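The chain contents come next:
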Amino acid sequence: MKHALLLLFFCGMAFNLSAQSAQAEDLRVFPNPVVEYFQLGYSEEVKTIRVVNMIGREVRSFAYLQGSTYNVGDLPRGMYVVQMRDEENRVLRTQRINKR
């Protein structure tokens, strides 16, 4: 059952990734894998950042500030999804990260 839910989640994220605008292509999360913190590439459109675990539960939410670092050092090791959203809460880009 757990594997079926993960597969469904990844299929949904893959569909979401294919529907994203070409303007968000340069927007990325780095470094990946993440140890303590991550940063984002520059974007005028991003307003919020959500970190979601593989169950689909939001574990962190940040307001986007250019050049800022986003601390996830206290999260357990594993895979997470980072969603970058605009001011209307639309997903601009989604990227999977590996937290070590």
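Residues numbered from 1 in each chain as written. Predicted model: local features only at pLDDT ≥ 70, side-chain atom pairs only at ≥ 80, totals over all residues. Heavy atoms only, no water.

Asker: Would you mind going over unusual backbone geometry with me for this structure?
Answerer: For residues besides glycine, phi is generally negative; the peptide bonds are generally trans as well. Following Phe30, the chain continues to Pro31 via a peptide bond in cis, the omega torsion being -10°. Among the structural elements, Pro31 can be located in the loop between strand S1 (29-30) and strand S2 (37-40). Residue Pro33 follows Asn32 across a cis peptide bond; omega there is 20°. Among the secondary structure elements, Pro33 is positioned in the loop between S1 and S2. (Helix = DSSP H or I, 4+ residues; strand = E, 2+ residues; numbered from the N terminus.)

Asker: I'm lost on the sheet that holds strand S7 (residues 91-99) in this one. Help?
Answerer: What links the strands of a sheet is backbone hydrogen bonding, and the strands pair in either a parallel or an antiparallel sense. Strand order in the open sheet formed by 4 strands is S4-S3-S6-S7, with antiparallel pairing between adjacent strands. The sheet is open, and its two edges are formed by strand S4 (58-63) and S7, each paired on a single side. Averaged over all neighbouring strand pairs, the angle between strand axes comes to 20°, with direction disregarded. (Pairing = 2+ DSSP bridges. Axes fitted to C-alpha atoms, helices over the stretch in contact; angles between N-to-C directions.)

Asker: I would appreciate a short explanation of the side chain of Arg50 in the present structure.
Answerer: Counting through the fold element by element, Arg50 comes out in strand S3 (residues 48-53). Under the relative-accessibility criterion, Arg50 is labelled buried at 19%. A polar side-chain atom of Arg50 sits 2.6 Å from a polar atom in the side chain of Glu58. Here Arg50 is in contact with Glu58, Arg60, Val81, Val82, Gln83 and Arg85, once residues within four sequence places are set aside. (Buried < 20%, exposed > 50% of the residue type's maximum accessible area, 1.4 Å probe, protein only. Polar contact = N/O pair within 3.5 Å; in protein donor to acceptor, adjacent residues only side chain to side chain. Contact = heavy atoms within 4.5 Å.)

Asker: Explain the pattern of salt bridges here, please?
Answerer: Opposite charge on two side chains permits pairing when their charged atoms draw close. A complete count under the given rule lists 4 salt bridges for this structure. A salt bridge links Arg90 to Glu88; its shortest N-O distance comes to 3.3 Å. A residue is classified by how much of its surface remains accessible, and Arg90, at 49% relative accessible area, is partly exposed. Overall, Glu88 belongs to the exposed group, its relative accessible area being 55%. A single network of salt bridges, built from pairs that share partners, joins Asp86, Glu88 and Arg90. (Salt bridge = Lys/Arg side-chain N within 4 Å of Asp/Glu carboxyl O.)

Asker: Could you clarify how one ought to interpret the confidence of the model for the chain in this entry?
Answerer: The predicted coordinates ought not to be read in detail in places where the model reports low pLDDT. Averaged over all residues, the pLDDT of the chain equals 85, while 75% of them reach at least 70. In the predicted structure, residues 18-24 sits below a pLDDT of 50 and forms 7 contacts with residues beyond four places in sequence or in another chain. (pLDDT = per-residue confidence, 0-100.)

Asker: Please explain the sheet that holds strand S5 (residues 70-71) as it appears in this structure.
Answerer: Taken in spatial order, the 3 strands of this open sheet run S1-S2-S5, and their pairing is antiparallel. Strand pairing shows two members of the sheet lacking a second neighbour, S1 and S5, which therefore form its edges. Strand direction decides the pairing type here: S2 and S5, joined by 2 bridges, are antiparallel. Following the sheet pairing, Phe38 is matched in S5 by Tyr70.

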